[in-house]
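The chain contents come next:
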Amino acid sequence: MKPDSIYSQTKASKPSVKKTDTVRLNKFLSNAGLCSRREADEHIAMGLVHVNGKIMTEMGYQVKPNDEVKFDGSRIQKTPPVYLLLNKPKGFVATSQSGVTSKSVQELISSAVKTKIPPIGEMGRPMTGLLFFTNDEELRKKLNKSISIPMVYKVVLDKNVTTEMMKQLKQGQLVFEKTYKITAISHVDGKTKKEVGIEVHSISPSIIVKLFAAVGLTVILIDRVVFGLSLIHISEPTRQAEI
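Residues numbered from 1 in each chain as written. Predicted model: local features only at pLDDT ≥ 70, side-chain atom pairs only at ≥ 80, totals over all residues. Heavy atoms only, no water.

S.K.: So what exactly am I meant to see when it comes to the confidence of the model for the chain here?
M.R.: Predicted coordinates in regions of low pLDDT should not be interpreted in detail. Scored by pLDDT, the chain comes out at a mean of 82, with 82% of its residues at no less than 70. Throughout residues 1-17 the model reports pLDDT below 50, and contacts reaching past four residues in sequence, or to other chains, amount to 21 contacts. (pLDDT = per-residue confidence, 0-100. Contact = heavy atoms within 4.5 Å.)

What follows is the structure, encoded as structure tokens:
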């Protein structure tokens, strides 16, 4: 945790700022959720960023705690990266669409954070399970582009899942003119043949529903039990919470 006081002062010395309390300007903009660091560099070069009333074009400038930073005329509030992992209940929706949405997952995290933190991916009302939120724009882009993040789901179907159906799902099915595959699938010990556990890599729940429909099965319940965050390395102190 950062110290409560970032200044040390004596009668014979002027206030000093600890180096660990400064942050590179492009990272400051990225942490505020405005853009990626690369995009921030472009904005800085274009003269769109002001620090303490002056245009700042120095790429390596270190923002100090008392600096006033403005982007395109608007003041930027310093917002540290936030990471939330929510076990979403049925009936709530996670969507990237703007506008007012009834029973949004934002209602569930409002007690932990005061600002809107977007989720990674969408999750419909019938679906349950782990949902990851962050305002870290660079991490969001990495996750959205990644094809190697494992997810494990428990899925309950309307009929027994046969060995042949499992084989077809692992071989791949065409959904929206693209072939998707289930990496691993098996029946759940002690349960009926209608319940399976599956592992997929960066495939949304809605696509999973379509995959099962392609082999003649209707999804009754889908619950994400593992979100592959163990593959993500967050290298600096941040605000984290699990709800």
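S.K.: Looking at this structure, how should I read the environment of Pro 205?
M.R.: With respect to the helices, strands and loops of the structure, Pro 205 is situated in helix 6 (residues 205-214). Overall, Pro 205 belongs to the buried group, its relative accessible area being 3%. For the pair Pro 205 and Met 127, spaced 78 residues apart in sequence, the C-alpha to C-alpha distance is 7.7 Å. Discounting residues that sit within four places of it in the chain, Pro 205 has contacts with Glu 122, Met 127, Tyr 153, Ile 222 and Arg 224. (Helix = DSSP H or I, 4+ residues; strand = E, 2+ residues; numbered from the N terminus. Buried < 20%, exposed > 50% of the residue type's maximum accessible area, 1.4 Å probe, protein only.)

S.K.: What am I meant to see in the sheet that holds strand 5 (residues 54-55) here?
M.R.: Two orientations exist for strands paired in a sheet by backbone hydrogen bonds: parallel and antiparallel. The strand order across the open sheet built from four strands is 5-4-7-8, with neighbouring strands paired in antiparallel fashion. Strand pairing shows two members of the sheet lacking a second neighbour, strand 5 and strand 8 (74-75), which therefore form its edges. (Pairing = 2+ DSSP bridges.)

S.K.: I keep staring at the pattern of salt bridges and nothing clicks. Help me out?
M.R.: Pairing of side chains with opposite charge becomes possible as their charged atoms draw close. If you walk through the whole model with that rule in mind, you get two salt bridges. A salt bridge links Asp 67 to Lys 64, with the nearest nitrogen and oxygen atoms 3.9 Å apart. Ionic pairing is found between Arg 75 and Glu 68, a salt bridge with its closest N-O pair at 3.8 Å. Residue class for Arg 75 comes out exposed when judged on its relative accessible area of 53%. We classify Glu 68 as partly exposed; its relative accessible area is 27%. (Salt bridge = Lys/Arg side-chain N within 4 Å of Asp/Glu carboxyl O.)

S.K.: Help me understand the pairing of strand 15 (residues 195-201), please; the structure alone is not making it clear to me.
M.R.: The side chains of a regular strand alternate, first on one face of the sheet and then on the other. As defined by bridge partners, strand 11 (residues 150-157) adjoins strand 15 across seven bridges and the pair is classed as antiparallel. Across the sheet, the residue bridging to Val 156 is Glu 195, located in strand 15. Examined bridge by bridge, strand 14 (residues 184-187) and strand 15 share four bridges and lie antiparallel to one another. Residue pairing for strand 15: Ser 186 is matched across the bridge by Gly 197.

S.K.: Quick question: what am I supposed to make of the packing of aromatic side chains here?
M.R.: Ring pairs (aromatic) are described by centroid distance and by the angle formed between their planes. This structure, assessed with the given rule, holds two aromatic pairs. On the basis of an interplanar angle of 10 degrees and a centroid distance of 6.3 Å, the ring pair of Tyr 83 and Phe 132 is categorised as stacked. Linking Tyr 83 in strand 9 (residues 82-88) with Phe 132 in strand 10 (residues 128-134), this pair joins segments that are 49 residues apart in sequence. Accessibility assignment for this pair places Tyr 83 and Phe 132 in one class, buried. Here a set of aromatic residues connected by ring pairs shows up, and it is made of Tyr 83, Phe 132 and Phe 227. (Phe/Tyr/Trp six-rings, centres within 6.5 Å; stacked < 30°, edge-to-face > 60°.)

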